[in-house]
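# Chain and residue survey
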Amino acid sequence: MMLTEETPVPSLALPVEEMKDHLRMGSGFADDGMQDGLIETYLRAAIAAIEGRIGKVLFQRRFLWVLEGWRDDEQALPVAPVAGIASLTLVDAEGGESIAPPSSYRLVKDTHRPRLAGRGTALPTIPTDGAVKVVFDAGFGAAWTDIPVDLRQAVLLLAGEYYEHRHDDGAQTAGLPFGVVTLIERWRTVRILGGGRT
């Protein structure tokens, strides 16, 4: 099983100015934009860390998920929330591909555990020694304001932590700061039976 991000978060969507306000950086100086690249890097790192911890995609983007077999008659998707399935492609042992018609599957939307299910019957059969490629769009939305406010605050706190401790020698305590953990806790997905149905 392999999940690949096909479209990155656009730089213009990142809250660089809001982050500068959060850090209480001065403005009106000749070097106002000097730190923008660094701030963007820490915002991306904070987003990735939080997404990895909670199993949710903050900014909406496209993913490619490749797997060799369905787990059950309904397949839990690896991240949430999922806005839609763009395509489902069956790959045979020789690498030949055939696109499954959208009438053969459906998305079961869920904030925490969205699933792919067959429409009226089972999911399309994956060829022997083959695979399936699922292309889907996931995330709360394309804009920073589409993301729930507690997750936005967690990103700013964590990016601020990265920025403030960028010169540390690694002696900092491992793990996420308590304030970030508190903000993201309700969004964490409890994984039971490795993502199968419960």
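Below, the structure is looked at part by part. (Residues numbered from 1 in each chain as written. Predicted model: local features only at pLDDT ≥ 70, side-chain atom pairs only at ≥ 80, totals over all residues. Heavy atoms only, no water.)

Secondary structure summary: the protein contains four helices and eight strands in total. Counting from the amino terminus, helix and strand elements in the protein follow one another as β-α-α-β-β-β-β-β-β-β-α-α. Counting over 198 residues, the protein shows a buried share of 42%. For the protein, long-range pairs separated by at least 24 residues make up 74% of all intrachain contacts whose partners lie at least 6 apart in sequence. (Helix = DSSP H or I, 4+ residues; strand = E, 2+ residues; numbered from the N terminus. Buried < 20%, exposed > 50% of the residue type's maximum accessible area, 1.4 Å probe, protein only. Contact = heavy atoms within 4.5 Å.)

A word on the sheet that holds strand E7 (residues 115-118). Pairing is antiparallel across the open sheet formed by three strands, whose spatial order is E3-E7-E6. If you trace the sheet from one side to the other, it starts and ends with strand E3 (74-76) and strand E6 (105-108), each paired once. Across the sheet, the mean angle from the axis of one strand to that of its neighbour is 25 degrees, orientation sign disregarded. Relative to E7, E3 is paired through three bridges, and the arrangement is antiparallel. Residue pairing for E7: Glu-74 is matched across the bridge by Ala-117. (Pairing = 2+ DSSP bridges. Axes fitted to C-alpha atoms, helices over the stretch in contact; angles between N-to-C directions.)

Turning next to the environment of Ala-117. Counting through the fold element by element, Ala-117 comes out in strand E7. Ala-117 gets classed as buried once you look at its relative accessible area, which sits at 1%. Placed 13 residues apart in sequence, Ala-117 and Ser-104 show a C-alpha to C-alpha distance of 8.7 Å.

It is at 8 Å that the axes of helix H2 (residues 36-54) and helix H3 (residues 149-164) come closest, and there the two elements cross at 125 degrees. Between H2 and H3, the interaxial angle falls into the category oblique. The chirality of how H2 crosses H3 is right-handed. Taken together, the residues of H3 that come into contact with H2 (itself represented by Leu-38, Ile-39, Tyr-42, Leu-43, Ala-45, Ala-46, Ile-47, Ala-49, Ile-50 and Ile-54) are Leu-151, Ala-154, Val-155, Leu-156, Leu-158, Ala-159, Tyr-162 and Tyr-163. Class assignment of the residues belonging to the contact of H2 with H3 gives a composition of 18 nonpolar, no polar and no charged. (Parallel < 35°, antiparallel > 145°, perpendicular 65-115°, else oblique. Left-handed = near helix turned anticlockwise from the far one by under 90°. Nonpolar A, V, L, I, M, F, W, Y, C, P; charged D, E, K, R; others polar.)

Generally speaking, soluble globular proteins have nonpolar side chains that are buried together. Counting 28 residues, the largest nonpolar core has Leu-43, Ile-50, Phe-59, Val-155 and Ile-184 as the members making the most contacts within it. At the level of elements, helix H1 (16-22), H2, H3 and helix H4 (178-184) are the ones that each hand at least two residues to this core. Dropping the residues within four chain positions of it, Ile-50 is found in contact with Leu-58, Ala-154, Val-155, Leu-158, Val-180 and Ile-184. Core analysis: the second largest hydrophobic core is formed by 20 residues, Leu-88, Ala-100, Tyr-105 and Val-134 among them. (Core = buried A, V, L, I, M, F, W, Y, C linked by side-chain atoms within 4.5 Å.)

We now examine the packing of aromatic side chains. All chains considered together, the criterion is met by five aromatic pairs. Note on Tyr-42 and Tyr-162: the rings are 6.4 Å apart at their centroids and 45 degrees apart in plane angle, and the pair reads as tilted. Of the two residues, Tyr-42 is situated in helix H2 and Tyr-162 in helix H3; the sequence distance between them amounts to 120 residues. In this structure Tyr-42 comes out as buried when scored by relative accessible area, which is 18%. For Tyr-162, a relative accessible area of 28% translates into the label partly exposed. When the ring of Phe-63 is compared with that of Phe-136, the centres are 5.8 Å apart and the planes differ by 20 degrees; the resulting orientation is stacked. Residue Phe-63 is found in strand E2 (residues 61-67), and its partner Phe-136 is found in strand E8 (residues 131-138); the two are separated by 73 residues along the sequence. (Phe/Tyr/Trp six-rings, centres within 6.5 Å; stacked < 30°, edge-to-face > 60°.)

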